[in-house]
Amino acid sequence: MEGNYYMIHDYLIFIGVFAIFFFLTVSIYLFSQNQKFKIKNAKLSEANKIIQQRLNEVQLEHIGTKLNPHLFKNILNSVQSHAYQTYMSLDKLANVLDYILYESNNKFVSPKEELNFALSLIEINKIKINPLFDFRIKSKIDKSDAIFDEKVFAPLISVDLIENAFKHTDFLAQDSFIAIQMELQDGIFSMKVSNKASLKNTLQKEKSGFGSQSLDQRLKMIYNNFYTLNKNSKNGIFTAELTINLGEFYDKMRYS
(Lines give C-alpha, C1' and ligand atoms only; values in the text may rest on other atoms or scores of the structure.)
Protein backbone atom coordinates (compact mmCIF):
# COMPACT_ATOMS: atom_id res chain seq x y z
CA MET A 1 0.00 0.00 0.00
CA GLU A 2 2.77 2.38 0.98
CA GLY A 3 4.53 1.66 -2.35
CA ASN A 4 1.36 2.47 -4.29
CA TYR A 5 0.98 5.68 -2.34
CA TYR A 6 4.45 6.90 -3.33
CA MET A 7 3.87 5.84 -6.92
CA ILE A 8 0.62 7.88 -7.11
CA HIS A 9 2.34 10.79 -5.38
CA ASP A 10 5.20 10.79 -7.92
CA TYR A 11 2.71 10.49 -10.78
CA LEU A 12 0.73 13.52 -9.55
CA ILE A 13 3.94 15.54 -9.21
CA PHE A 14 4.90 14.60 -12.78
CA ILE A 15 1.46 15.63 -14.05
CA GLY A 16 1.70 18.91 -12.17
CA VAL A 17 5.16 19.72 -13.52
CA PHE A 18 4.09 18.78 -17.04
CA ALA A 19 1.00 20.99 -16.76
CA ILE A 20 3.07 23.94 -15.56
CA PHE A 21 5.62 23.41 -18.37
CA PHE A 22 2.83 23.14 -20.96
CA PHE A 23 1.14 26.28 -19.63
CA LEU A 24 4.41 28.24 -19.72
CA THR A 25 5.15 27.05 -23.26
CA VAL A 26 1.69 28.04 -24.52
CA SER A 27 1.91 31.39 -22.70
CA ILE A 28 5.30 32.18 -24.26
CA TYR A 29 4.01 31.23 -27.73
CA LEU A 30 0.86 33.34 -27.36
CA PHE A 31 2.90 36.25 -26.03
CA SER A 32 5.26 35.99 -29.02
CA GLN A 33 2.37 35.88 -31.50
CA ASN A 34 0.74 38.84 -29.77
CA GLN A 35 3.94 40.88 -30.10
CA LYS A 36 4.21 40.05 -33.81
CA PHE A 37 0.57 41.04 -34.28
CA LYS A 38 1.19 44.37 -32.52
CA ILE A 39 4.22 45.06 -34.73
CA LYS A 40 2.22 44.32 -37.91
CA ASN A 41 -0.61 46.56 -36.71
CA ALA A 42 1.85 49.35 -35.99
CA LYS A 43 3.32 49.07 -39.49
CA LEU A 44 -0.14 49.10 -41.09
CA SER A 45 -1.14 52.08 -38.97
CA GLU A 46 1.97 53.97 -40.03
CA ALA A 47 1.41 53.08 -43.68
CA ASN A 48 -2.19 54.33 -43.49
CA LYS A 49 -0.96 57.62 -42.02
CA ILE A 50 1.44 58.03 -44.94
CA ILE A 51 -1.38 57.41 -47.45
CA GLN A 52 -3.64 59.92 -45.71
CA GLN A 53 -0.85 62.48 -45.66
CA ARG A 54 -0.20 62.08 -49.37
CA LEU A 55 -3.87 62.27 -50.22
CA ASN A 56 -4.07 65.50 -48.24
CA GLU A 57 -1.11 66.84 -50.20
CA VAL A 58 -2.89 65.97 -53.44
CA GLN A 59 -5.97 67.90 -52.32
CA LEU A 60 -3.90 70.92 -51.28
CA GLU A 61 -1.96 71.03 -54.53
CA HIS A 62 -5.17 71.11 -56.66
CA ILE A 63 -3.73 69.08 -59.49
CA GLY A 64 -4.14 70.98 -62.74
CA THR A 65 -4.55 67.97 -64.99
CA LYS A 66 -8.15 66.78 -65.08
CA LEU A 67 -8.41 63.19 -63.91
CA ASN A 68 -11.18 60.69 -63.76
CA PRO A 69 -12.63 61.44 -60.27
CA HIS A 70 -12.89 57.71 -59.62
CA LEU A 71 -9.15 57.08 -60.08
CA PHE A 72 -8.19 57.35 -56.41
CA LYS A 73 -11.35 55.54 -55.30
CA ASN A 74 -10.63 52.61 -57.60
CA ILE A 75 -7.02 52.42 -56.45
CA LEU A 76 -7.92 52.47 -52.75
CA ASN A 77 -10.69 49.91 -53.26
CA SER A 78 -8.16 47.66 -54.96
CA VAL A 79 -5.79 47.98 -52.01
CA GLN A 80 -8.49 47.26 -49.44
CA SER A 81 -9.90 44.25 -51.30
CA HIS A 82 -6.89 42.05 -50.53
CA ALA A 83 -5.30 42.72 -47.16
CA TYR A 84 -2.65 40.05 -47.63
CA GLN A 85 -1.07 42.16 -50.36
CA THR A 86 -1.25 45.41 -48.41
CA TYR A 87 2.46 46.10 -48.23
CA MET A 88 3.05 45.61 -51.96
CA SER A 89 -0.03 47.65 -52.77
CA LEU A 90 1.01 50.52 -50.53
CA ASP A 91 4.41 50.62 -52.20
CA LYS A 92 2.85 50.78 -55.66
CA LEU A 93 0.26 53.27 -54.47
CA ALA A 94 3.00 55.49 -53.05
CA ASN A 95 4.71 55.50 -56.46
CA VAL A 96 1.47 56.37 -58.21
CA LEU A 97 0.61 59.17 -55.79
CA ASP A 98 4.14 60.60 -56.02
CA TYR A 99 3.87 60.65 -59.79
CA ILE A 100 0.44 62.29 -59.80
CA LEU A 101 1.42 64.81 -57.15
CA TYR A 102 4.88 65.81 -58.35
CA GLU A 103 5.03 64.95 -62.06
CA SER A 104 1.52 65.38 -63.47
CA ASN A 105 1.71 69.17 -63.26
CA ASN A 106 4.69 69.15 -65.60
CA LYS A 107 3.89 69.71 -69.24
CA PHE A 108 6.01 66.71 -70.25
CA VAL A 109 7.72 63.75 -68.58
CA SER A 110 10.00 61.12 -70.05
CA PRO A 111 8.64 57.87 -71.52
CA LYS A 112 10.60 56.10 -68.76
CA GLU A 113 8.63 57.92 -66.04
CA GLU A 114 5.24 57.45 -67.70
CA LEU A 115 5.83 53.75 -68.37
CA ASN A 116 6.90 53.13 -64.77
CA PHE A 117 3.72 54.87 -63.64
CA ALA A 118 1.59 52.78 -66.01
CA LEU A 119 3.12 49.52 -64.74
CA SER A 120 2.50 50.52 -61.11
CA LEU A 121 -1.10 51.42 -61.94
CA ILE A 122 -1.58 48.03 -63.62
CA GLU A 123 -0.14 46.17 -60.62
CA ILE A 124 -2.54 47.96 -58.26
CA ASN A 125 -5.55 47.15 -60.42
CA LYS A 126 -4.48 43.49 -60.71
CA ILE A 127 -4.97 43.05 -56.97
CA LYS A 128 -8.75 43.07 -57.25
CA ILE A 129 -8.97 40.28 -59.83
CA ASN A 130 -8.84 36.54 -59.32
CA PRO A 131 -5.31 35.09 -59.67
CA LEU A 132 -6.72 32.64 -62.23
CA PHE A 133 -8.17 35.44 -64.37
CA ASP A 134 -6.75 35.64 -67.89
CA PHE A 135 -4.61 38.76 -67.61
CA ARG A 136 -1.89 39.35 -70.17
CA ILE A 137 0.69 42.12 -70.21
CA LYS A 138 3.47 42.48 -72.74
CA SER A 139 6.06 45.22 -72.61
CA LYS A 140 8.66 45.76 -75.31
CA ILE A 141 10.58 48.88 -74.40
CA ASP A 142 13.85 49.88 -76.06
CA LYS A 143 15.61 51.66 -73.20
CA SER A 144 18.40 52.70 -75.55
CA ASP A 145 15.94 54.70 -77.64
CA ALA A 146 17.05 58.32 -78.01
CA ILE A 147 13.82 59.67 -76.49
CA PHE A 148 13.52 57.21 -73.59
CA ASP A 149 14.77 59.80 -71.07
CA GLU A 150 13.59 62.92 -72.90
CA LYS A 151 10.76 65.16 -71.62
CA VAL A 152 8.41 64.43 -74.51
CA PHE A 153 5.54 62.41 -72.99
CA ALA A 154 2.37 64.11 -71.74
CA PRO A 155 1.83 62.79 -68.18
CA LEU A 156 -1.10 60.48 -67.36
CA ILE A 157 -1.84 59.67 -71.01
CA SER A 158 -1.96 55.96 -70.14
CA VAL A 159 -4.50 56.31 -67.29
CA ASP A 160 -7.71 56.23 -69.30
CA LEU A 161 -6.98 53.11 -71.38
CA ILE A 162 -5.83 51.11 -68.34
CA GLU A 163 -8.66 52.22 -66.05
CA ASN A 164 -11.33 51.56 -68.67
CA ALA A 165 -10.08 48.02 -69.26
CA PHE A 166 -10.45 47.11 -65.58
CA LYS A 167 -13.64 49.11 -65.13
CA HIS A 168 -15.54 47.70 -68.11
CA THR A 169 -14.43 44.06 -68.11
CA ASP A 170 -16.89 41.22 -67.48
CA PHE A 171 -14.86 39.35 -64.84
CA LEU A 172 -17.52 36.63 -64.48
CA ALA A 173 -17.54 35.48 -68.09
CA GLN A 174 -15.58 32.26 -68.72
CA ASP A 175 -13.80 33.70 -71.74
CA SER A 176 -13.13 37.05 -70.08
CA PHE A 177 -9.66 38.59 -70.32
CA ILE A 178 -7.61 41.78 -70.27
CA ALA A 179 -4.59 42.17 -72.54
CA ILE A 180 -2.21 45.14 -72.42
CA GLN A 181 0.70 45.70 -74.78
CA MET A 182 3.16 48.60 -74.55
CA GLU A 183 6.01 49.23 -76.94
CA LEU A 184 8.64 51.87 -77.56
CA GLN A 185 10.72 51.35 -80.68
CA ASP A 186 12.45 53.83 -83.02
CA GLY A 187 10.86 56.80 -81.29
CA ILE A 188 7.32 55.43 -81.63
CA PHE A 189 5.25 54.60 -78.59
CA SER A 190 2.30 52.26 -78.97
CA MET A 191 -0.20 50.93 -76.48
CA LYS A 192 -2.92 48.38 -77.19
CA VAL A 193 -5.53 47.42 -74.60
CA SER A 194 -8.17 44.73 -75.19
CA ASN A 195 -10.78 43.29 -72.86
CA LYS A 196 -13.98 41.27 -72.74
CA ALA A 197 -16.52 44.03 -72.28
CA SER A 198 -19.28 43.81 -69.71
CA LEU A 199 -22.71 44.38 -71.28
CA LYS A 200 -23.90 46.29 -68.22
CA ASN A 201 -20.89 48.60 -68.19
CA THR A 202 -21.10 49.07 -71.95
CA LEU A 203 -24.67 50.37 -71.61
CA GLN A 204 -23.64 52.72 -68.81
CA LYS A 205 -20.57 53.97 -70.62
CA GLU A 206 -22.59 56.41 -72.71
CA LYS A 207 -23.46 58.32 -69.53
CA SER A 208 -19.83 58.56 -68.40
CA GLY A 209 -16.91 58.88 -70.77
CA PHE A 210 -15.28 61.92 -69.12
CA GLY A 211 -11.91 60.20 -69.11
CA SER A 212 -12.19 59.23 -72.79
CA GLN A 213 -13.19 62.74 -73.84
CA SER A 214 -10.37 64.23 -71.80
CA LEU A 215 -7.86 61.84 -73.40
CA ASP A 216 -9.04 62.67 -76.93
CA GLN A 217 -8.85 66.40 -76.24
CA ARG A 218 -5.38 66.22 -74.72
CA LEU A 219 -4.01 64.12 -77.58
CA LYS A 220 -5.37 66.54 -80.19
CA MET A 221 -4.11 69.61 -78.37
CA ILE A 222 -0.64 68.22 -77.63
CA TYR A 223 0.27 65.77 -80.39
CA ASN A 224 -1.98 66.95 -83.22
CA ASN A 225 -0.80 65.02 -86.32
CA PHE A 226 1.72 62.88 -84.47
CA TYR A 227 -0.71 60.35 -83.00
CA THR A 228 -3.52 57.93 -83.83
CA LEU A 229 -6.14 56.57 -81.45
CA ASN A 230 -8.44 53.82 -82.68
CA LYS A 231 -11.21 52.19 -80.68
CA ASN A 232 -13.49 49.38 -81.79
CA SER A 233 -15.82 46.80 -80.34
CA LYS A 234 -16.44 43.45 -82.02
CA ASN A 235 -18.06 40.29 -80.66
CA GLY A 236 -17.98 41.72 -77.14
CA ILE A 237 -14.25 42.49 -77.34
CA PHE A 238 -13.30 46.14 -76.87
CA THR A 239 -9.91 47.25 -78.22
CA ALA A 240 -8.14 50.60 -78.00
CA GLU A 241 -4.89 51.28 -79.85
CA LEU A 242 -2.83 54.41 -79.25
CA THR A 243 0.27 55.28 -81.28
CA ILE A 244 2.39 58.41 -80.76
CA ASN A 245 5.38 59.30 -82.92
CA LEU A 246 7.40 60.77 -80.08
CA GLY A 247 10.55 60.97 -82.19
CA GLU A 248 9.07 63.30 -84.82
CA PHE A 249 7.20 65.26 -82.16
CA TYR A 250 10.46 65.77 -80.25
CA ASP A 251 12.20 66.99 -83.41
CA LYS A 252 9.40 69.49 -83.94
CA MET A 253 9.74 70.71 -80.35
CA ARG A 254 13.49 71.21 -80.72
CA TYR A 255 13.42 73.08 -84.02
CA SER A 256 10.22 75.08 -83.71
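Conventions adopted
- Residues numbered from 1 in each chain as written.
- Predicted model: local features only at pLDDT ≥ 70, side-chain atom pairs only at ≥ 80, totals over all residues.
- Heavy atoms only, no water.
- Helix = DSSP H or I, 4+ residues; strand = E, 2+ residues; numbered from the N terminus.
- Expected span 1.5 Å × (residues − 1).
- Buried < 20%, exposed > 50% of the residue type's maximum accessible area, 1.4 Å probe, protein only.
- Pairing = 2+ DSSP bridges.
- Right-handed = clockwise from strand over helix to strand, strands pointing away.
- Phe/Tyr/Trp six-rings, centres within 6.5 Å; stacked < 30°, edge-to-face > 60°.
- Axes fitted to C-alpha atoms, helices over the stretch in contact; angles between N-to-C directions.
- Contact = heavy atoms within 4.5 Å.
- Parallel < 35°, antiparallel > 145°, perpendicular 65-115°, else oblique.
- Left-handed = near helix turned anticlockwise from the far one by under 90°.
- Nonpolar A, V, L, I, M, F, W, Y, C, P; charged D, E, K, R; others polar.
- Core = buried A, V, L, I, M, F, W, Y, C linked by side-chain atoms within 4.5 Å.
- Salt bridge = Lys/Arg side-chain N within 4 Å of Asp/Glu carboxyl O.

- As annotated in an unreviewed UniProt entry, the chain carries the name Histidine kinase and comes from Chryseobacterium shandongense.

## A few points about helix 4 (residues 111-126)
- Taking 1.5 Å per residue, 16 residues should reach 22 Å; helix 4 reaches 22 Å between its end C-alpha atoms and fits that length.
- Among all positions in helix 4, only P111, E114, L115, F117, A118, S120, L121, I122, I124 and N125 are buried.

## Structural notes on the pairing of strand 2 (residues 177-185)
- Here strand 1 (residues 134-141) pairs with strand 2 via eight bridges, running parallel. Bridge assignment links K138 to a residue of strand 2, and that residue is Q181.
- Each parallel crossover has a hand, and the one from strand 1 via helix 5 (residues 159-167) to strand 2 is left-handed.
- Direction of pairing for strand 2 relative to strand 3 (residues 188-196): antiparallel, over a ladder of eight bridges. Bridging across to strand 3, E183 finds its partner in S190.

## Some words on the packing of aromatic side chains
- Going through the model one piece at a time under the given rule, you end up with seven aromatic pairs.
- On the numbers, 5.1 Å between centres and 55° between planes, the contact of F133 with F171 is tilted. Highlighted residues: F133 in the loop between helix 4 and strand 1 and F171 in the loop between helix 5 and strand 2, separated in sequence by 38 residues.
- A relative accessible area of 13% places F133 in the buried class.
- Between F226 and F249, the aromatic rings sit 5.9 Å apart at their centres with planes inclined by 70°, giving edge-to-face as the arrangement. In this pair, F226 is assigned in the loop between helix 7 (210-223) and strand 4 (227-234) and F249 in helix 8 (residues 246-255), connecting sequence segments 23 residues apart.

## Side note on the sheet that holds strand 4
- Ordered in space as 1-2-3-5-4, the five strands form an open sheet in which the pairing is mixed. Whereas interior strands pair on both sides, the edge strands pair on one side only; in this sheet they are strand 1 and strand 4. Put simply, the sheet's adjacent strands are angled 5° from each other on average, direction ignored.
- Where strand 3 meets strand 5 (residues 237-245), nine bridges bridge the pair, whose relative direction is antiparallel. In the sheet register, I188 faces strand 5, and the bridge partner there is N245.
- Sitting on the sheet, helix 4 is in contact with strand 1, strand 2 and strand 3, with an inclination near 170° to strand 2.
- Packed onto the sheet, helix 8 meets strand 2, strand 3 and strand 5 and runs at close to 35° relative to strand 5.

## Concerning the packing of helix 4 against helix 5
- One can describe the packing of helix 4 onto helix 5 by two numbers: an axis separation of 10 Å at closest approach and a directional angle of 15°. Of the possible angle classes, the one that applies to helix 4 and helix 5 is roughly parallel. The handedness of the crossing between helix 4 and helix 5 is right-handed. Of the residues in helix 5, those in contact with F117, A118, L121, I122, N125 and K126 of helix 4 are V159, I162, E163 and F166.
- In terms of residue class, the contact of helix 4 with helix 5 is made up of seven nonpolar, one polar and two charged.

## Let's talk about the nonpolar core
- Among the nonpolar cores identified, the biggest contains 52 residues, and I180, F189, L219, Y223, L242 and L246 are the most heavily contacted of them.
- Among the elements that take part in this core, helix 4 stands out by supplying six residues, more than any other.
- Contacts of Y223, omitting those with residues within four sequence positions, involve F108, V152, F153, A154, R218, I244, L246 and F249.

## A short note on unusual backbone geometry
- The backbone of L156 shows a phi angle near 70°, a positive value even though the residue is not glycine.
- At D186, a position not held by glycine, the phi torsion is positive, near 55°.
- Its relative accessible area of 71% is what places D186 among the exposed residues.

## A word on the pattern of salt bridges
- Taken as a whole and judged by the stated rule, the model has five salt bridges.
- The salt bridge partner of K126 is E123, with a shortest N-O separation of 3.6 Å. Here K126 pairs with E123, and both are found in helix 4, just three residues apart, close to one helical turn.
- Exposure remark for K126: the relative accessible area of 30% places this residue in the partly exposed category.

## Overview of the side chain of S110
- Assignment of secondary structure puts S110 in the loop between helix 3 (86-102) and helix 4.
- The residues contacting S110, other than those within four sequence positions of it, are F148, D149, E150, K151 and F153.

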